[in-house]
Amino acid sequence: MTKSLRRLFQPRSIAIIGGGAWCEQVIKQSVGMGFSGEIWPVHPKAAEISGHQAYASLVDLPAAPDAVFIGVNRHATVGLVATLSEMGAGGAVCFASGFAEAVAEDETGDDLQAQLVAAAGEMPILGPNCYGFVNALDGALLWPDQQGCQRVDRGVAILTQSSNIAINLTMQQRGLPIAYVVTCGNMAQTSQAQIASALIDDPRVTAVGLHIEGFSDLRDWEALAAKAYKQGVPLVALKVGASEQAQQATVSHTASLAGSDAGAQAFLDRLGIPRLSALPDLLETLKLLHCYGPLPSGDIASISCSGGEASLIADMSVETTLSFPPLSNHQQAQLRDVLGPMVALNNPLDYHTYIWRDEDAMARAWSGMTGDSIAMTFSIVDYPTTDAGDWACATGAALKVRADTGARFAVVATLPELMSPKVATELMAGGVVPFLGLREALAATQAAANLGAPKQQPVCLPGTAEATQILTEAESKQALAAHGVLTPQNRTARGADEVAAVAAQLRPPFAIKGMGLAHKSEHAAVRLEVQAEDAAIVAANIGTAEVLIEEMITGTVAELLVGVMRDPAHGFVLTLGAGGVLTEILRDTVSMLLPVQASDIETALTTLNCAPLLSGYRGKPAANTASIVEAVLAVQAYVLANAETLSEVEINPLLCTPDRAVAVDALIRKA
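Conventions and cut-offs
- Residues numbered from 1 in each chain as written.
- Predicted model: local features only at pLDDT ≥ 70, side-chain atom pairs only at ≥ 80, totals over all residues.
- Heavy atoms only, no water.
- Buried < 20%, exposed > 50% of the residue type's maximum accessible area, 1.4 Å probe, protein only.
- Helix = DSSP H or I, 4+ residues; strand = E, 2+ residues; numbered from the N terminus.
- Arc of directions from axis to C-beta.
- Contact = heavy atoms within 4.5 Å.
- Pairing = 2+ DSSP bridges.
- Expected span 1.5 Å × (residues − 1).
- Polar contact = N/O pair within 3.5 Å; in protein donor to acceptor, adjacent residues only side chain to side chain.

Here we look at helix 19 (residues 535-542)
- Of all the positions in helix 19, only A535, V538, A539 and I542 are classed as buried. Each buried residue of helix 19 lies within a common arc of 100 degrees when the element is viewed along its axis, so the set occupies one face. Every exposed residue of helix 19 that faces more than 90 degrees away from the buried side is listed here: I537, A540 and N541.
- Residues of helix 19 that are buried sit in contact with helix 18 (495-505), strand 22 (510-514), strand 23 (526-530) and strand 24 (547-551).
- At the C-terminal side of helix 19, G543 shows a positive phi close to 95 degrees.

Right, here's the structure in full:
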């Protein structure tokens, strides 16, 4: 989409179409926030609304409005959008519901939404079924309900499909300066990614928080991530609504392991967008990013006047990727000079209360926990709700640390209610992050440390053909081998005579497997270490009409799973993990979206719990990592060559030896 949203989001004139409380509230909101532009109510019967001259129709307006709030019924909305587009209006918010979101109750909703998009033409619209937006930078609000934003000079942008969640977020009392809040509604024409892309063009926006229910056009999101990274505007997301689309198949281990949310997580990872799990975490992360932007690492320091808090933050950080580096000689010297010999110097540090109320001494001690190797320093301070007068020294000390050192510094209340909005605002104004909640502080810091560059290569978009065919193991191996996957020597056979003939051609011992079963081990249809003379009897006992006889691989140091699932919402999800019959019990996996590079695979392998087996565990030989990477890339080559028809492919296990990586079982499902 090339439509500019600048006039809509930064209007000089606002038109409000409709009467009633909703439309009056739009006028009152903009007036209350000091909007300096023109406000034009449009109503066929009213002479004035909320103290502003009303116009009988759009053609009576002094000029084409920059931003329009359409607060009438859905059928009238379509015609008004067409008129506004012809007039050259800057854009419109479509408040009415009853479009695509209401198809279950009214089957005409989809058709009406298509009519709306057609009527808009080149004019951008938000919604339908949305509240619009708050621009707290310019005081422009196309917003029909309460909201808690205050005028700011710069701040973060928040985008969500849910108008209710948007209202709640504007009511935050955490000291976060919010520049924009935008609700996306049905996103009939303008997607969430396109909205975010428009907002980061405003240099007053410092970071963007995205409450995402689902991804629509993946290319829009890729473009947004690339643009935001180039412009230095960090993006963070709260992704909800895990889709069941990725669980379209149940015949493979990969389907049950990847789950419905693996594609969404892999897509966010690919975009370099950290994912939060709760609204408070999202707000706290935005505060940190507003102050400091992305963090260079996850190395943190903590100082508190209680050993309880020192041990608490140490324990809580165990479940994160954050770490507490030991104090440097310079830090120890500075701290010893301030605190004396009675304090044991560690990170996290309990500095006791010897210097409490001495603001300068507190600032010098807290400064001693900063440094070039520390990405973020926490001072844990809980302000009492009874009388916090004696805690003013803590606020002053924190502001002094920031002013004197320029270090990234935060004051953390262990419980959200133990820091007042006044204190949070004061700290924020001085460049100190006021974290409300210790868990939230750690989550925010980890997210800010995990911001990364998006992958430049776009994801592979899958075809839509319905998968109706499951290839046999032999067929699957043959197809994968054609793209470079190593497989054991094998043959299929029917009846005792063919089994004996095949056994004479191959080198024992053999693995003999029943054909036509998705999970052969569950049917006792896999027999190992079979000698040539026993092959016919073993094959008969398995009980399937056809068996696969293959040479066994020796010298295995690890078994891996390599699987790819078609996820219609996100692309092809590659899952790597511990393989074998215990795959679903171990649940030791990592997922990525195709295409991947060799370096991506190498990095992913190191994150697995079974990684020590691959590198040589307790004196045993290491697996040939290069061969594993080649096998995964070969699977990818097959997937990319068959993207239009493929639904899933799985190798389990991929036997890893010191010399090679061999697929001893394979499954392919496709159209």
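Examining the side chain of S162
- Relative to the helices and strands, S162 is located in the loop between strand 10 (155-160) and helix 5 (163-170).
- The exposure class of S162 is buried, given its relative accessible area of 17%.
- Every residue in contact with S162, bar those within four places of it in the chain, is listed here: T183, H211 and E213.

Some details on the pairing of strand 28 (residues 646-656)
- With eleven of eleven residues buried, strand 28 lies mostly within the body of the structure.
- Relative to strand 28, strand 25 (residues 558-567) runs antiparallel, the two sharing seven bridges. The residue of strand 28 that forms the bridge with V562 is I651.
- Strand direction decides the pairing type here: strand 28 and strand 30 (residues 666-670), joined by five bridges, are antiparallel. The residue bridging I651 from the neighbouring strand is A666, located in strand 30.
- Joining the antiparallel neighbours strand 28 and strand 29 (residues 661-663) is a turn of four residues.

Thoughts on helix 3 (residues 74-87)
- Its 14 residues place the ends of helix 3 20 Å apart at the C-alpha level, agreeing with the 20 Å of an ideal helix rising 1.5 Å per residue.
- Taken as a whole, helix 3 has its buried residues at R74, T77, V78, V81 and L84. One face of helix 3 carries all of its buried residues, which in axial projection span an arc of 130 degrees. Seen from the buried face of helix 3, the exposed residues on the opposite side, beyond 90 degrees, are H75 and E86.
- Of the residues that open helix 3, the one with a side-chain oxygen 3.0 Å from the backbone nitrogen of H75 is N73.
- Positioned one or two residues after helix 3, G88 has a phi angle of 90 degrees, which is positive.

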